[in-house]
Amino acid sequence: MENTMFCYQCQETAGCSGCTKAGVCGKTPEVANLQDLLVYVTKGLSAVTTALRAEGKPVDEHVNHMVSVNLFTTITNANFDKTAITAKIVDTLATKEKLLAELVHQDHLPEAALWNGDVSSFEEKAKTVGVLSTKDEDIRSLRELITYGLKGLAAYSKHANALLKDNAEVDAFLQEALAKTLDDRLSVEDYVNLALTCGKYGVDGMALLDEANTSAYGNPEITEVDLGVRSNPGILVSGHDLKDLEMLLEQTQGSGVDVYTHSEMLPAHYYPFFKKYDNFAGNYGNAWWKQKEEFESFHGPILMTTNCIVPPSDSYKDRLFTTGATGYPGCRHIDGAYGQNKDFSEIIELAKKCEAPEEIETGTITGGFAHEQVFALADKIVEAVKSGAIRKFVVMAGCDGRAGSRSYYSDFAKALPKDSVILTAGCAKYKYNKLALGEIGGIPRVLDAGQCNDSYSLALIALKLKEVFGLDDVNELPIVYNISWYEQKAVIVLLALLYLGVKNIHLGPTLPAFLSPNVAKVLVENFGIAGITTVEEDMNLFF
Ligand code: SF4
Ligand code: SF3
């Protein structure tokens, strides 16, 4: 049987066009195709739930959660485990069949809502339902843009759900939009509008997560985070799920094991709640793509709560644990429903037998500039803008990645005029958060709001500045946007910014392969979206 796949959902897609033989991320064709099938059956389930709602019938929260986790499972670098993905397809089909039986009007349902099959049929079916099953290039492009945005939205919803916060409207929209990506009656224009509506719900989804995080853990505040190591053995926590971190910190109390953050977990240090744990050590390492070397030298167990997993080396594979939507074949997965205490004892026991981490860096980095903290500094910031001490803000949020061309972002940060301030969120920050960029009148030149979802804070800050300066349009602010993307959460952040009316966003290091020339043209003409060029040229453009 021919072993092919097609995936172009992330920035590192092969040849900037599509992974067809194996994923650059390490995804096998088998896993890629099963992920396509999982997306397909999740869309089928969503068509059924959407039709049920139209008939005035309620949809259970657990079904909403299933949709979100399924999508999250297919995000780049989240889950490489075909057994786990297959099990999710089986569960989704069973749930869908049950709900289908409750539905009176079934006439307009797409094929995905009616299809059912057992495990033996999955491989063949999977090959027929992927990205290329939509023949028209522009419709395909828009359907994928929307699907990827929804994956990002699903991921953020999932984190809020884990903190027992739900927004039924977001879930209903997510499912309706998923179902619409299967509707052949929709035009290019319909899909462009749907993409913008996705942005609206992207804002709502990030607001929900922000509320979930801040009500559980307090508002992020200026914090210096240690980059060095202590002498105890440690557990390294990566990914975005703060609830997992909380449970692990609770369970490690008095165990003699320290807990360190990695990559997107760094912003956990900014929340007041986590400061009470004496064994909450610093941040170890950098963005996700350097994990092979850094997990090696960490010596202790690593808990991946979300993407981004790099296929692990055998030397540390038995120390790598997954939970939530993540999975890797051969790595142990820790289960646990929302509201339940996950049992991390196996990880803690393993940590006790491991050596302490090897120090790879020293010093500290400062972050915690989410909305409340920045609002508290508003007078100082407004004064600095009025006096000309701050000429411009540069939003450099998003993702980091391994592409060599991304050194652009470090060079760009270094080349920025000294009277400019970087606003950041997401793992993109690792390209410049350890540079000595100094400060302006006590305001650091890199203001880190937090994880990629905390781009929401950056939007709130922009809206606040607009209000303070009495402007009509957010684009009149001295803010420029130079965003780096990698995976699908950056897609929902982008759609959210477009929805908020932000124009002239620069997106790099390359434009998404899933934008067809015509769709790219729509984005350029209506929103001024552009790529990046050289540091020198872009500097001239921005300043
Ligand atoms: Fe390729 Fe990215 Fe898809 Fe992985 S997620 S298969 S690297 S496009
Ligand atoms: Fe990074 Fe994977 Fe996107 Fe949350 S950890 S930003 S890439």
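Scoring rules and cut-offs
Each residue is numbered by its place in its chain's sequence as written, counting from 1. Chain labels run from A onward and ligand labels from 1 onward, assigned in the order the entries are written. Selection of residues for local features in this predicted model requires a pLDDT of at least 70, selection of side-chain atom pairs for listing and counting requires 80 or more, and totals for whole chains, interfaces and linings are taken over all residues. Side-chain figures throughout are based on the complete set of non-hydrogen atoms in the structure, without hydrogens or water. An automatic or database domain assignment is the source of the domain bounds shown. Whether two residues are in contact is decided by their heavy atoms: any pair within 4.5 Å suffices. Two parts placed together each lose some accessible area under a 1.4 Å probe, and adding up what both lose gives the buried area. Criterion for a salt bridge: a side-chain nitrogen of Lys or Arg within 4 Å of a carboxyl oxygen of Asp or Glu. Polar contacts here mean pairs of N or O atoms no more than 3.5 Å apart (in protein, one a potential hydrogen donor and the other a potential acceptor; neighbouring residues in sequence count only if both atoms are side-chain atoms). Note that Gly is not counted as nonpolar here; it falls among the polar residues with everything else outside the nonpolar set of Ala, Val, Leu, Ile, Met, Phe, Trp, Tyr, Cys and Pro and the charged set of Asp, Glu, Lys and Arg. In this text, near means that some heavy atom of the residue lies within 4 Å of the molecule or strand in question. Here, any two strands with at least 2 DSSP bridges between them count as paired. Put simply, DSSP marks the helices as runs of H or I at least four residues long and the strands as runs of E at least two long, and each gets a number from the N terminus on. Fitted lines through C-alpha atoms serve as axes, helices being fitted only where they are in contact, and the angles separating the N-to-C directions of these axes extend from 0 to 180 degrees.

Draft legend 1. How the structure looks around the domain arrangement of the protein chain. Taken domain by domain, the protein chain holds domain 1 (14-216), domain 2 (223-352) and domain 3 (368-542). Taking only C-alpha atoms into account, the centre of domain 2 sits 29 Å from that of domain 3. Residue-level contacts link 20 residues of domain 2 with 20 residues of domain 3. Contact between domain 2 and domain 3 buries roughly 1,500 Å² in total, counting both sides, with carbon and sulfur atoms accounting for 54%. Broken down residue by residue, the surface that domain 2 buries against domain 3 is led by Glu264, Trp288 and Trp289, which jointly contribute 36%. In this assembly, domain 2 and domain 3 are joined by one salt bridge. Between Glu264 and Lys429 there is a salt bridge, and its shortest N-O distance comes to 3.9 Å. Summed over the shared surface of domain 2 and domain 3, the number is 15 residue pairs in polar contact (both at pLDDT 80 or more). Residue composition of the side of domain 2 that touches domain 3, grouped by class: eleven nonpolar, eight polar and one charged.

Draft legend 2. A look at the site of ligand 2. Taken together, the residues surrounding ligand 2 are His240, Glu264, Trp288, Asn307, Cys308, Cys399, Cys427, Cys452, Tyr486 and Glu487. Here the shell around ligand 2 is built from residues that sort into six nonpolar, two polar and two charged. When we break the shell around ligand 2 down by domain, the ones giving at least three residues each are domain 2 (223-352) and domain 3 (368-542).

Draft legend 3. Representation of the sheet that holds strand β3 (residues 258-261). Overall, parallel pairing links the six strands, which are arranged β4-β3-β2-β5-β6-β7 in an open sheet. Two strands close off the open sheet at either side, each with one partner strand: β4 (280-283) and β7 (332-334). Between one strand axis and the next, the sheet turns through 30° on average, direction left out of account. Across three bridges, strand β2 (residues 234-238) lies against strand β5 (residues 302-304) in parallel orientation.

Draft legend 4. A look at the site of ligand 1. Around ligand 1 sit Met5, Cys7, Tyr8, Gln9, Cys10, Thr13, Cys19, Gly23, Val24, Cys25, Lys27 and Thr76, and those are all the residues in its vicinity. Taken together, the residues of the shell around ligand 1 break down into seven nonpolar, four polar and one charged.

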